[in-house]
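# What the coordinates show
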Amino acid sequence: MYQGINVHGAFEHLVLEMAVIFGGASLLGTLFVSFKQPIILAYILLGIIAGPHGISLVVNDGHIDAISTMGIILLMFLLGLHLHPTNLFHQLRQTASVTLLRLFFTATLVAALLHWVFQFIVYDALIAGLALSFSSTVISLKLIPTTTLHHKRVGEVMISILLFEDIIAILAVLLIYGDNHTDWHISIILLPLKTAVFAATAWAFVRFALLPLFRKFDIISEYIFLVSLGWCLTAAEIANECGLSHEIGAFIAGVTLATSPIALVIAEGLKPLREFFLILFFFSVGAQFNPFMPTFLWLATLAAAAVVLISKPWAFRFLLIHLAEERSDRAIDMGLRLGQSSEFSLLLAFGALAAGKLSAGAALVIEGAAIVTFIISTYIVVGRLPTPIASKGGMRSD
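None of these values were measured; they are calculated from a predicted model. (Residues numbered from 1 in each chain as written. Predicted model: local features only at pLDDT ≥ 70, side-chain atom pairs only at ≥ 80, totals over all residues. Heavy atoms only, no water.)

## Looking at the environment of Ala235
Which entries qualify depends on this criterion: Strands are runs of DSSP state E lasting at least 2 residues, helices are runs of H or I lasting at least 4, and numbering of each runs from the N terminus. Burial classification: accessible surface area is computed with a 1.4 Å probe over protein chains only, and a residue below 20% of its type maximum counts as buried, one above 50% as exposed, and the rest as partly exposed.
Here Ala235 shows up in helix H9 (residues 221-241). Taking the relative accessible area as the measure of exposure, Ala235 reaches 1% and is therefore buried. Measuring from C-alpha to C-alpha, the distance between Ala235 and Ile248 comes to 9.1 Å, with 13 residues separating the pair along the chain.

Right, here's the structure in full:
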């Protein structure tokens, strides 16, 4: 009986949290859309207001953050569904040098700023520089149209850059969180091999098991939805257990289906579910943010965010033109869309802080700078480039 009461109370609490998040998102979203503002920012603002650093309507945001990760997993799966393996390998070869040089450039600038100007210790400055140098998969690709030929090409290049960054981010996690000097470097050496084996196994499973089932039962839309979602989540979990990540597993799961015509049907069916979880993701980003930082940390936060927002688009434009031979207009487009920090910034900050390898002040700066870049970059992209959520009708493109 006691357990039943607890379960009932937990359920009521979850319903209350969902009511706060989606009811509040509806109200704030209406306000933002009415004033022609990006609706994504309404979700982040709601998290700041209703979260533990605001009026505390949602105090324990840990499980909300865990649930919201589903949005990123589904986003990566859908991206994989639209990217043929041949195109992926070609783009990865083209963009590898661009990605590495741009990460080094941004990380060095941010680390130098925090160490020399704000007197952060070297290790804090280096972790912060690395964390803030990654670009956001969620924001970058949520704001890009997929129906026009030009942006299909832009999207493919951006996906290859973001995927390469995700792999480097996993290496960074191994380096920062490794408890001893033996395990982490062995894991880094094994990472490419594990990725290749996982991808080959996933392709074989899809080729010889999944696609025959789809061909046999493709008239039952519920079955297609169920099996594709099950494949996405199973692959994500297996990849995570193999030392990769949920996101990379989901992406590979999508790519293995991309050669089949059923991929477009699956993508359309999963879009509403993806949006549900992405709303939770943006809310959790806002809920984790503490706006009541000391003035010194706010100055460091704003300075680091400014370096990211200014240096990233310029570096991407220069490197894409000179190393990837992209047209100038496409390079500018991609540079602006990739000009923010990443959800990996928050992951690295919280994990390094929990492991005792990052100071609390540096973690706050990483978190704050990432969210500031989310907000400003979204305004820049929505105001200047075609997006699915553009406030101006002429700029709206899905």
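## Comments concerning the environment of Ile189
Tracing the sequence through the fold places Ile189 in helix H8 (residues 183-217). Taking the C-alpha atoms as reference points, Ile189 and Leu171, 18 residues apart in sequence, are found 9.8 Å from one another.

## Regarding the packing of helix H4 (residues 85-117) against helix H5 (residues 122-133)
In plain terms, the rule: Note on geometry: axes are C-alpha line fits, over the in-contact stretch for helices, and angles between N-to-C directions span 0 to 180 degrees. In these notes the angle categories are as follows: under 35 degrees is roughly parallel, over 145 is roughly antiparallel, 65 to 115 is roughly perpendicular, and the rest is oblique. A clockwise turn of the near helix away from the far one marks a right-handed crossing, whereas an anticlockwise turn of less than a right angle marks a left-handed crossing. What makes two residues a contact is simply this: any of their non-hydrogen atoms within 4.5 Å.
Running from N to C, H4 and H5 point in directions that differ by 140 degrees, and their axes come no closer than 7 Å. Here H4 lies oblique to H5, going by the angle between them. Where H4 crosses over H5, the handedness of that crossing is right-handed. Only Val122, Ala125, Leu126, Ala128, Gly129, Leu130, Leu132 and Ser133 of H5 make contact with H4, whose side of the interface consists of Arg102, Leu103, Thr106, Ala107, Val110, Ala111, Leu114 and His115.

## Digging into H5
Just so we agree on the cut-off: In a helix, the anticipated span is given by 1.5 Å times the number of residues less one.
The terminal C-alpha atoms of H5 lie 16 Å apart, and with 12 residues this matches the ideal 16 Å at 1.5 Å per residue to within 8%. Of the residues making up H5, those classed as buried are Asp124, Ala125, Ile127, Ala128, Gly129, Ala131, Leu132 and Ser133.

## Focus: unusual backbone geometry
One non-glycine residue, Gln119, lies in positive phi territory at about 60 degrees. Within the secondary structure, Gln119 is located in the loop between H4 and H5. Residue Gln119 is classed as exposed on the basis of its relative accessible area, which comes to 60%.

## Points about the packing of helix H12 (residues 295-322) against helix H15 (residues 360-384)
For any two helices packed against each other, the geometry is given by the interaxial angle and the distance between the axes. In plain terms, the rule: Residue classes follow a fixed rule: Ala, Val, Leu, Ile, Met, Phe, Trp, Tyr, Cys and Pro count as nonpolar, while Asp, Glu, Lys and Arg count as charged, and any other residue, Gly among them, counts as polar.
Running from N to C, H12 and H15 cross one another at 45 degrees; their axes reach a closest spacing of 8 Å. Classified by the interaxial angle, the pair formed by H12 and H15 is oblique. Considering how the two elements wind past one another, H12 and H15 form a crossing that is right-handed. When H12 is examined against H15, the residues Leu297, Trp298, Ala300, Thr301, Leu302, Ala304, Ala305, Val308 and Leu309 are found in contact with a partner set consisting of Gly361, Leu364, Val365, Gly368, Ala369, Val372, Thr373, Ile376 and Ser377. Among the residues forming the contact of H12 with H15, the class breakdown is 13 nonpolar, 5 polar and no charged.

## A word on the nonpolar core
Threshold: Grouping buried Ala, Val, Leu, Ile, Met, Phe, Trp, Tyr and Cys residues that are joined through side-chain atoms within 4.5 Å yields what is termed a nonpolar core.
Grouped together as the largest cluster of nonpolar side chains are 127 residues, with contacts concentrated most on Phe77 and Leu257. Looking at this core, the element that brings in the most residues is helix H11 (residues 262-288), giving 14 residues. Each residue touching Leu257, except ones within four places of it in the same chain, is listed here: Phe77, Leu81, Val206, Leu210, Leu211, Phe214, Trp231, Ala263 and Ile266.

## Looking at a nonpolar patch on the surface
Put simply, the rule reads: Patch definition: residues above 30% relative accessible area lacking any salt bridge, with like charges linked at up to 9 Å and the nonpolar side chains Val, Leu, Ile, Met, Phe, Trp and Tyr linked at up to 5 Å. What sets the accessible areas is the Shrake-Rupley method with a 1.4 Å probe; for residues, cover comes only from the shown protein chains. Only one rule defines a salt bridge in this text: a Lys or Arg side-chain nitrogen within 4 Å of an Asp or Glu carboxyl oxygen.
A grouping of Leu45, Ile49, Ile55 and Leu57 is seen on the molecular surface, where their side chains present a nonpolar patch of about 330 Å² in accessible area. Of note, Ile55 is situated in the loop between helix H2 (39-50) and helix H3 (62-81).

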